[in-house]
Amino acid sequence: MQPLQAVQQVSVPSVTSNNTQNAAFEMLMNAIGSVLGPVVHQLITSDPSLVHIKGWHGMTALHRACLIGDYNIVLMLVQANSDVNALTDFEESPLHYASKRGMPTIVHLLVQCGAKTDTRDKRERNVLHHAAENGAVQVLKYFEDIFGLNFKEVDANLQSPLHIACDLGHLEVCRFLLAKEERCNLQQADGNGNLPIHLTAKGGYAHLTWLLLSASGVSAGKIRNKFGFTALDLSMQNDKRGHKNTALFLQHYHSKPDNTKVTGPIYTWYFLLLYPFVLFTILIVITRFIKSHQYIAFLIAGVQVLVQVKGLSARMPDISRWPNPFFIGFFSAGIFHTIICFVCLMFIYVYENIIFLLLSLTTIPLLLFFFYKFMVQDPGRCTGSARDPQTGKSLTLVDLCRMQQPKYVYCHVCDIVNNMLTKHCKLCDICVQGMDHHCLFLLKCVAKNNHALFIRLIMVCFVNMCLYCLGFFIYTYTQYGQLAFSEIVSKLIHEEMWPLSLLLLNGLSAFWSANLIYFQYTVVSRGVTSYFGEEFHRDKNMSTRQQLDNFAAFLMGRSLPHKNAYSPFVQHTEVL
């Protein structure tokens, strides 16, 4: 009996100890999932062996932390001697998880601690495949810069990172891989014979399909996979909107010769650009032949415009997703038609007023000059990476990974490192300094180099709009002053719809311009922009006089005389 009792006395504490450690491990995994750094530190300090325990599917605490993506917790676990090359039941390492999570700083930490970059999981996928699976562009760039890994390597299903990104619809990854020819092979087929374009067509990713066909050529859309399907066939097997748009696009090029160049909707782009000007010109011609009931033509045209522009957004309704030029077409058409109407119809009635004459002869040329200058002015495009203040060396993504609190950001589209006051505009597809906003009515970014010019343009537009409205009333009084008010209104609606429609357009635009000018005044007078420093717009530390001084100095291109200590532009003047 004694030996049995002895065994029982030894075994019971062992079971209790295992249960206690398992409970502590569960607490550790939950603390990591909830990003409770102090709890994690307390647990691994009390029992360092917890970092070596494997849980569900063979995951260690380090796997869990890499998947959550908290740098400090990963650092604590690494310092506690966690195995950076531990494998799960699926043979996935912590580096695989970090790559999947898309945190280059954590990836860099693991690599510095000895993590292997050539490890493959059970599906034969390496770190590049895992990064592409979750759209982690910066991780892909990191491995390219540090290790020069081959993006064309395939997994067990013969899929490269491009195949995976296309299958899941990760646009940014695909654009990154397509940017350089050595990063991808568009003619490489996977285990089912699918090219990347087959996968985008099957998924209904219309814009991705357009990018791939533009890069690979029309012939890629005609290749069949192992099941005998072309990209067109795969897109037609589904009935969703993306598949329909993809099918129409592929069908258009399916019968074209292989050497046909894939282009965007050039004719549609010019149609949207010129449509407002041409339509209004047609209306003017019509009114020259119709002496009464002119409002009917304008009403029909107005309804037609509303139908035409219904649902229009910043991008064209096309799978190319080009920026929509309709808004700048509408804005420029309003400017030129207003000037034409004023000069040809009203000027002879207002030129006797010397003040009005001088204003007209000054502001109209000034408006055209500012409009032209704004269109050709560079908004502040970043052409290269920011430089290290100490060494003067151009910064890279790797440099950012080494910084504890980097004051820079990496743009994977432009492949440059920018300061914190730079933003990438998705419509212009460039990085600009001191971004204020992207103006749809000018089809351009308003940023550091053209922000003051933009405000000047809007102010001159406002003056011209007011002058037109005043000129219209002088013209109306001169022509119909002897009639009653109701008769004047009837006369204008029936016989003067050209100047009357422009009065309505300029009146509404003047109201919009006045609000925009006031908004810009509240922004720039405090040394910030619409995009950067919105939280500082309500700063009350400056008097009205100081704000007016700042606004005037900004318009003249001078430094602000009254600095806002909280302005991000004041704090980072040396960067700009």
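Predicted model, so just to flag it, every value in this text is computed and none were measured.

Enquirer: A description of the pairing of strand β2 (residues 416–419) should follow, citing residues and the corresponding values.
Expert: Here β2 shows no split at all, with Ile 416 and Asn 418 on one side and Val 417 and Asn 419 on the other all buried. Across four bridges, the pairing between strand β1 (residues 408–411) and β2 is antiparallel. Across the sheet, Tyr 410 pairs through a bridge with Val 417, a residue of β2. Count of turn residues in the β1/β2 antiparallel hairpin: four residues, of which Asp 415 carries a positive phi of about 60°.

Enquirer: Residues and numbers for the packing of aromatic side chains, please.
Expert: This model, assessed by the stated rule, comprises 20 aromatic pairs. An angle of 85° between the planes, with centres 5.1 Å apart, marks the rings of Trp 269 and Tyr 270 as edge-to-face. The exposure class assigned to Trp 269 is partly exposed, which follows from its relative accessible area of 21%. Residue classification places Tyr 270 among the partly exposed positions, given a relative accessible area of 46%. When the centroid spacing of 6.1 Å and the interplanar angle of 40° are considered together, the rings of Phe 331 and Phe 371 count as tilted. In this pair, Phe 331 sits in helix α17 (residues 326–350) while Phe 371 sits in helix α18 (residues 354–376), placing the two residues 40 residues apart along the sequence. Here the two residues Phe 331 and Phe 371 agree in accessibility, since each one is buried. One aromatic cluster in this structure is built from Phe 271, Tyr 275, Phe 326, Phe 327, Phe 330, Phe 441 and Trp 512. Directly above the ring of Tyr 531 sits Lys 423, whose terminal nitrogen or CZ lies 5.2 Å from the centroid. The ring centre of Phe 374 lies 5.8 Å from the NZ or CZ of Lys 444, which sits over that ring.

Enquirer: Which residues make up unusual backbone geometry, and what values go with them?
Expert: Positive phi, normally seen in glycine, also occurs at Asp 429, with a value near 60°. Note that Asp 429 resides in the loop between β3 (422–425) and β4 (430–433). The exposure class of Asp 429 is partly exposed, given its relative accessible area of 31%. With a phi angle near 55°, Leu 443 is a residue other than glycine that sits in the positive phi range. Inspection of the secondary structure puts Leu 443 in the loop between β5 (437–439) and β6 (444–446).

Enquirer: Residues and numbers for the nonpolar core, please.
Expert: Counting 82 residues, the largest nonpolar core has Val 74, Leu 77 and Leu 110 as its most contacted members. Setting aside anything within four residues of it in sequence, one finds Val 74 in contact with Leu 62, Ala 65, Cys 66, Ile 106, Leu 109 and Leu 110. If you look at the next biggest cluster of nonpolar residues, it comprises 60 residues, including Val 350, Tyr 475, Ile 488 and Leu 516.

Enquirer: Which residues make up the packing of helix α2 (residues 37–46) against helix α4 (residues 71–79), and what values do they have?
Expert: Following both chains from N to C, one finds α2 and α4 inclined at 10°, their axes separated by 10 Å at the closest point. By the angle between their directions, the pair α2 and α4 is classed as roughly parallel. Counted together, Gly 37, Val 40, His 41 and Ile 44 of α2 and Ile 73, Met 76 and Leu 77 of α4 form the full contact between these two elements. Across the contact of α2 with α4, the residue classes tally to five nonpolar, two polar and no charged.

Enquirer: Before we move on, can you summarise the pattern of salt bridges with the specific residues and values?
Expert: Evaluated as defined, the whole model comprises 17 salt bridges. A salt bridge links Arg 125 to Glu 133, with the nearest nitrogen and oxygen atoms 3.7 Å apart. Per residue, the accessibility class of Arg 125 equals that of Glu 133, and both read buried. Close ionic contact of Arg 183 with Glu 144 constitutes a salt bridge, the shortest N to O distance being 2.9 Å. With Arg 183 in the loop between α10 (171–178) and α11 (196–203) and Glu 144 in helix α8 (residues 137–147), the pair connects residues that are 39 residues apart, well separated along the chain. Overlapping salt bridges, with partners in common, bring together Lys 100, Arg 123, Arg 125, Glu 133 and Asp 155 in one network.

Enquirer: Explain the side chain of Asp 399 to me, using residue names and the numbers behind them.
Expert: By the element assignment, Asp 399 lies in helix α19 (residues 397–402). Overall, Asp 399 belongs to the buried group, its relative accessible area being 13%. Reaching out from Asp 399, the side chain makes a polar contact with the backbone nitrogen of Thr 396 at a distance of 2.9 Å. Beyond its immediate stretch of four places on either side in the chain, Asp 399 contacts Lys 393 and Ser 394.

Enquirer: An account of the side chain of His 207 is requested, with residue identities and associated values reported.
Expert: Tracing the chain through its elements places His 207 in helix α12 (residues 206–216). A relative accessible area of 16% means that His 207 is categorised as buried. Not counting chain neighbours up to four residues away, the residues in contact with His 207 comprise Leu 171, Ile 319, Ser 320 and Arg 321.

Enquirer: Give a detailed account of the environment of Cys 382, specifying residues and quantitative values.
Expert: The residue Cys 382 is located in the loop between α18 and α19 in this model. Assessed through its relative accessible area of 10%, Cys 382 is described here as buried. Discounting residues that sit within four places of it in the chain, Cys 382 has contacts with Ile 416, Asn 418, Thr 422, Cys 431, Val 432 and Gln 433.

Enquirer: Before we move on, can you summarise the confidence of the model for the protein chain with the specific residues and values?
Expert: Chain-level pLDDT for the protein chain is 88 on average; 93% of the residues reach the 70-or-more range. Ignoring residues within four places in sequence, the model shows residues 1–16, a span with pLDDT below 50, making one contact including any to other chains. Note on residues 571–576: pLDDT under 50 across the span, and eight contacts to partners over four residues away in sequence or across chains.

Enquirer: Which residues make up α12, and what values do they have?
Expert: Note on helix geometry: an α-helix contains 3.6 residues per turn, so any two residues three or four positions apart are oriented the same way. Counting buried residues along α12, nine of its eleven residues qualify, which places the element largely inside the surrounding structure. Among all positions of α12, only Ala 206, His 207, Leu 208, Thr 209, Trp 210, Leu 211, Leu 212, Leu 213 and Ser 216 are buried. Contact partners of the buried residues in α12: α9 (161–168), α10, α11 and α14 (241–254). After α12 finishes, the residue Gly 217 shows a positive phi value of roughly 100°.

What counts and what doesn't
- Residues numbered from 1 in each chain as written.
- Predicted model: local features only at pLDDT ≥ 70, side-chain atom pairs only at ≥ 80, totals over all residues.
- Heavy atoms only, no water.
- Buried < 20%, exposed > 50% of the residue type's maximum accessible area, 1.4 Å probe, protein only.
- Helix = DSSP H or I, 4+ residues; strand = E, 2+ residues; numbered from the N terminus.
- Pairing = 2+ DSSP bridges.
- Phe/Tyr/Trp six-rings, centres within 6.5 Å; stacked < 30°, edge-to-face > 60°.
- Lys NZ or Arg CZ within 6 Å of the ring centre and 35° of its normal.
- Core = buried A, V, L, I, M, F, W, Y, C linked by side-chain atoms within 4.5 Å.
- Contact = heavy atoms within 4.5 Å.
- Axes fitted to C-alpha atoms, helices over the stretch in contact; angles between N-to-C directions.
- Parallel < 35°, antiparallel > 145°, perpendicular 65-115°, else oblique.
- Nonpolar A, V, L, I, M, F, W, Y, C, P; charged D, E, K, R; others polar.
- Salt bridge = Lys/Arg side-chain N within 4 Å of Asp/Glu carboxyl O.
- Polar contact = N/O pair within 3.5 Å; in protein donor to acceptor, adjacent residues only side chain to side chain.
- pLDDT = per-residue confidence, 0-100.

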